Amino acid sequence: MARVSPPIETVRRAARSLGVLDWIRIGVLVLGLVFVATGLLPADSARSSLGRIAPLLLFLFAIIVLAELTKEAGVFDAIAQRLARAGRGRYAALFLLCVAFASVNTIFLNLDTTAVLLTPVMLALAARARIAALPLAMTTVWLANTASILLPVSNLTNLLAADRVALETPEFAARMWLPQAAVLAVTMVLLWVFYWRRRMRGEDTYDPPEPVPVRDRVLFSSTGIACLFFIGAILAGVHTGIQLGITTTIAAAVAVAAFAVRDRSVLRPTLIPWQLMVFVTGLFLVVPTLERYGLDDAMRALVGTDDGASGAFRAGFSGAGLSNVLNNLPAYVAGESAVPAANKDQLLSLLVGTNVGPVITPWGSLATLLWFEWCRRWDVRVPMRKFVLTGAALAVLGCTAAVGALLLTS
């Protein structure tokens, strides 16, 4: 029998280690490359699309490295420990604390920050308090999406919509506070029913963890300061792709430098989030191709031109549906071009759908993709059937409540 060479065996082991989502990500990239190779997407259009996402890829690379090193330094464990102790062993109190923490973080910092920085805090909390990880993880991913409609800074799509309807932050919040309150109420009810109630979590109470000393205060302080720098940049109004990419890279560089001095063994290739970078690159080759061959026309047919209640609900559910098929950012951009400039209620309803709705598929929003990346890194099993079905319930009920509330503020 022929002996298999080490490089071939290494490739085989790597292929066997890939999950279903990994193969989907690779498949999207391959499909995009096929579109370019066959001329369905002209090379100039491909270069333009990839040029637009280059800062986003830099951001993804840097923020994952920063968050992973922050986890290694024990910062997330420390925050999780304080949350668990504040709940005093009562699941209802812990639930409210987690919901409030995730909601405030999403509203003021943005949904991707919640996915990147809060997900590991929640997963560390589960480990520190020895409780089921899935309820905490689902709290993060759902609220990263559904708590992102109150302020322009909560979501990149909000910035696009606020500019289109000419609303400054106070006026935007005045239109969106009731939809935000309505969808948060729906999210809390469904989280408790599907993931937090006694039969789902498996225990009546939990034991608050004892304090654990910090392993290395230099690493703890350095990565903590790097995270604060990143958060401060967002609070200061750094929201464009280039600015975020640069500031996040600076923050990640601080963390990398600290580990290079104190614990070089942590700086390994697995820090690189290749799965996300592969998927996003493929997505921005596939979507422009679809736009060239009928996506824009299809979106106009789906959304319609009615600025009344029926048009608002139609736009909201169209945006939610397309977000779960493609991704919420291209779904919003495609929908925005289909909505007449004067139809402000219809445009804001589309925004609600593309923010609240992408909770059914793993690629519905960048925040959901980042969340899946963290679950993979922490070995948290996410039952896909339950994820899809419960996400569908949240998308339908959440969009209905939020669009209905939006019409009351018009």
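What counts, and at which threshold
- Residues numbered from 1 in each chain as written.
- Predicted model: local features only at pLDDT ≥ 70, side-chain atom pairs only at ≥ 80, totals over all residues.
- Heavy atoms only, no water.
- Axes fitted to C-alpha atoms, helices over the stretch in contact; angles between N-to-C directions.
- Helix = DSSP H or I, 4+ residues; strand = E, 2+ residues; numbered from the N terminus.
- Parallel < 35°, antiparallel > 145°, perpendicular 65-115°, else oblique.
- Left-handed = near helix turned anticlockwise from the far one by under 90°.
- Contact = heavy atoms within 4.5 Å.
- Buried < 20%, exposed > 50% of the residue type's maximum accessible area, 1.4 Å probe, protein only.
- pLDDT = per-residue confidence, 0-100.
- Phe/Tyr/Trp six-rings, centres within 6.5 Å; stacked < 30°, edge-to-face > 60°.

### Comments concerning the packing of helix α7 (residues 133-146) against helix α17 (residues 366-377)
Step number 1: Across the interface, α7 lies against α17 with an axial gap of 9 Å and an inter-helix angle of 165°. Relative to α17, the element α7 lies roughly antiparallel. The way α7 lies across α17 gives a crossing that is right-handed. Counted together, A137, M138, T140, V141, A144 and N145 of α7 and A367, T368, W371 and C375 of α17 form the full contact between these two elements.

### Observations concerning the environment of A253
Step number 1: In this structure, A253 sits in helix α12 (residues 241-262).
Step number 2: When its relative accessible area of 42% is taken as the criterion, A253 is described as partly exposed.
Step number 3: Residues A253 and A226, spaced 27 residues apart in sequence, show a C-alpha to C-alpha distance of 8.6 Å.

### Section: unusual backbone geometry
Step number 1: Located in the positive-phi region is R88, a residue other than glycine, with phi close to 55°.
Step number 2: One can find R88 in the loop between α4 (75-87) and α5 (91-109).
Step number 3: The phi dihedral of A166 is positive, around 55°, even though this residue is not glycine.
Step number 4: Given the relative accessible area of 65%, A166 is considered exposed.

### Things to note about the confidence of the model for the chain
Step number 1: The share of residues in the chain with pLDDT of 70 or more is 93%, and the mean pLDDT across the chain is 85.
Step number 2: By mean pLDDT, the top-scoring element of the chain is helix α18 (residues 384-408) (97), and the lowest-scoring one is helix α1 (residues 6-17) (56).

### Points about the packing of aromatic side chains
Step number 1: Here the structure, examined in full by the defined rule, presents eight aromatic pairs.
Step number 2: Taking 6.5 Å as the distance between ring centres and 70° as the angle between the ring planes, the aromatic pair formed by Y91 and W196 counts as edge-to-face. Within this pair, whereas Y91 is found in helix α5, its partner W196 is found in helix α9 (residues 169-196), the two being separated by 105 residues in sequence.
Step number 3: Of the residues examined, W196 reaches a relative accessible area of 1% and is grouped as buried.

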